[in-house]
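Read off the chains here:
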Amino acid sequence: MANSEYEYVKREFEFDRRLPPSNWSVVRIDGCHFHRFSKIHAFEKPNDENALRLMNTCATAMLEKFPDIVFAYGVSDEYSFVFREETEFYHRRESKILSLCVSYFTSVYVMKWKDFFPNKELKEPPYFDARAICYPNLKTIRDYLAWRQVDCHINNQYNTCFWMLVKSGKSEQEAQLVLKGTFAKDKNELLAQQFQINYDDEPAMFRKGSSVYREKVETTVKIDDYGNPIKRPRLKVTVAHIDIIGPEFWENHQHILRE
Ligand code: ATP
Ligand code: ATP
Ligand code: MG
Ligand code: MG
Ligand code: MG
Ligand code: MG
């Protein structure tokens, strides 16, 4: 770059914040005003399956684009992206990492919109905010992901009840009053008794959110001279709706959060 008398504006005024070393970094993005965005695009309530699948497609594209993202977890209008502990992506410069993540995700969201909503015009540009959070060890990053999944469960259980009440003729205010102060057990009973719904039978994507990660799969790389397939393990980006709070998933996928 050419030197000029104006160079000082960069040298003296620009500061790079770097994510601390040896931390798992999470970038969490969240749709801005998606309450309104979901209304004007007539999302099904409480869960529009196509909107969730679109989010999952964007997250898959993120893992395919940025190899240092080892895991992603999404629910509603948010997605968390976990960067590997020792990432040197953009020398861990926070503003670069945040802005790349949020702009790439948003671009894919707009590009893929018509695949999921072929009959719905995109009426407003969707936009997302982003933040970065650093977790110094395996326990805290696991707890972060558990926190998001517990949140998913609590919100989804509430929203399932709320929208069943509204669809059965209650006003939003009345539905809110019915649910005020209720515990999880009460909500399950309400769903069972008033609406014959067993909460555990609701789709796993709604109850568990979506996890995106690389899964080892045997793929045929070529056919040998005798017509036999030659298989090699490959890592393929996968979306699953599974429990990530307990140890089982992590024990079976130790390559994901390897320290
Ligand atoms: P980086 O990712 O580091 O920013 P870059 O390839 O974007 O890399 P820049 O220094 O930002 O590099 O330069 C932008 C490049 O995009 C230049 O090579 C420039 O020729 C090209 N470019 C941008 N806008 C235009 C335009 N309107 N017409 C022609 N070329 C353009
Ligand atoms: P903010 O800009 O502060 O994030 P917000 O309106 O986006 O405000 P959130 O707390 O992020 O508020 O909640 C997301 C909203 O988007 C909820 O109201 C939720 O109902 C709606 N929403 C997001 N995804 C879906 C979906 N797949 N189906 C139905 N509604 C959705
Ligand atoms: Mg939001
Ligand atoms: Mg949100
Ligand atoms: Mg550039
Ligand atoms: Mg550490």
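Residues numbered from 1 in each chain as written. Chains lettered and ligands numbered in written order. Predicted model: local features only at pLDDT ≥ 70, side-chain atom pairs only at ≥ 80, totals over all residues. Heavy atoms only, no water.

Q: So what's going on with the overall build of the chain? Residues and values would help.
A: When helices and strands are counted, the chain shows 9 helices and 6 strands. Burial statistics for the chain: of 259 residues in total, 40% are counted as buried. For the chain, contacts bridging at least 24 residues in sequence account for 71% of all contacts bridging at least 6. Surface summary for the chain: the accessible area is close to 15300 Å², and the carbon and sulfur share equals 52%. With 37 positive and 38 negative side-chain charges, the chain shows a spacing of 1 Å between the two charge centroids. (Helix = DSSP H or I, 4+ residues; strand = E, 2+ residues; numbered from the N terminus. Buried < 20%, exposed > 50% of the residue type's maximum accessible area, 1.4 Å probe, protein only. Contact = heavy atoms within 4.5 Å. Areas by Shrake-Rupley, 256 points an atom, 1.4 Å probe, with all protein chains shown as cover. Lys, Arg positive; Asp, Glu negative; His and termini not counted. Charge placed at Lys NZ, Arg CZ, Asp CG, Glu CD.)

Q: Go over the coordination of the magnesium ion (ligand 4), please, and point to the residues and values.
A: Binding of the magnesium ion (ligand 4) to the protein goes through D30 (OD) and D77 (OD), at separations of 2.1 to 2.2 Å. Separating the magnesium ion (ligand 4) from the magnesium ion (ligand 3) is a distance of 3.4 Å, and D30 supplies a donor atom to each of them. Taken together, the residues span a long stretch of sequence, with D30 in strand β1 (residues 24–31) and D77 in the loop between β2 (69–75) and β3 (78–83) at a distance of 47 residues. Note on D30: relative accessible area 22%, which makes it partly exposed. Looking at D77, the relative accessible area reads 13%, which means it is buried. (Donors = N, O, S within 2.8 Å, 3.2 Å for Na, K, Ca; no water.)

Q: A description of the packing of helix α5 (residues 138–167) against helix α7 (residues 184–195) should follow, citing residues and the corresponding values.
A: Between α5 and α7, whose axes approach to 10 Å, the crossing angle comes to 35 degrees. Relative to α7, the crossing made by α5 is left-handed. Facing Q157, Y158, T160, C161, M164 and L165 of α5, the residues of α7 in contact are A184, K187, N188, L190, L191, Q194 and F195. Residues belonging to the contact of α5 with α7 are distributed by class as follows: 8 nonpolar, 4 polar and 1 charged. (Axes fitted to C-alpha atoms, helices over the stretch in contact; angles between N-to-C directions. Left-handed = near helix turned anticlockwise from the far one by under 90°. Nonpolar A, V, L, I, M, F, W, Y, C, P; charged D, E, K, R; others polar.)

Q: Break down the side chain of N47 for me, with residues and values.
A: Its place among the elements puts N47 in the loop between α2 (34–40) and α3 (49–65). By relative accessible area, N47 is classed as buried at 16%. In this structure the side chain of N47 is engaged in a polar contact, spanning 2.9 Å, whose partner is the side chain of N156. Residues within four places of N47 in sequence aside, it is in contact with L52, N156 and F206. (Polar contact = N/O pair within 3.5 Å; in protein donor to acceptor, adjacent residues only side chain to side chain.)

Q: Just give me the short version of the site of ligand 2, but keep the residues and values in it.
A: Around ligand 2, the surrounding shell holds 17 residues, and the nearest of these are D30, H33, F34, H35 and K45. Within the backbone of H33, an N or O atom sits 2.7 Å from an oxygen atom of ligand 2. Between an oxygen atom of ligand 2 and a main-chain N or O atom of H35, the distance comes to 2.8 Å. For the shell around ligand 2, the elements supplying multiple residues, two or more each, are β1, α2 and α3. No other element matches the 3 residues that α2 contributes to the shell around ligand 2. Its residues placed into classes, the shell around ligand 2 shows 6 nonpolar, 6 polar and 5 charged. (Near = heavy atom within 4 Å.)

Q: Can you lay out the packing of aromatic side chains for me, pointing to particular residues and giving the numbers?
A: A complete count under the given rule lists 28 aromatic pairs for this structure. Each ring, one from Y79 and one from F81, has its centre 5.6 Å from the other, and the planes form 20 degrees; the classification is stacked. Take Y79: its relative accessible area is 1%, and that puts it in the buried class. Ring geometry for Y109 versus W113: centroids 6.1 Å apart, planes at 40 degrees, classification tilted. Of this pair, Y109 and W113 both sit in helix α4 (residues 94–116), 4 residues apart, roughly one helical turn. (Phe/Tyr/Trp six-rings, centres within 6.5 Å; stacked < 30°, edge-to-face > 60°.)

Q: Please provide a residue-by-residue account of a nonpolar patch on the surface, values included.
A: A cluster of nonpolar residues, Y8, V9 and F13, forms a patch on the protein surface that exposes about 310 Å² of accessible area. Mapped onto the secondary structure, F13 falls in the loop between α1 (8–11) and β1. Judged by relative accessible area, which is 57%, F13 ranks as exposed. (Patch = residues over 30% accessible without salt bridge, like charges linked within 9 Å, V, L, I, M, F, W, Y side chains within 5 Å. Salt bridge = Lys/Arg side-chain N within 4 Å of Asp/Glu carboxyl O.)

Q: Please give an account of the pairing of β2 that cites residues and values.
A: Taken across its 7 residues, β2 has 7 buried, putting it largely inside the fold. Between β2 and β3, which pair antiparallel and follow one another directly, the connecting turn spans 2 residues, one of which, S76, has a positive phi of 50 degrees. Summarising the sheet, β2 and strand β5 (residues 210–223) pair through 4 bridges and their orientation is antiparallel. Counted as the bridge partner of Y73 is S211 from β5. (Pairing = 2+ DSSP bridges.)

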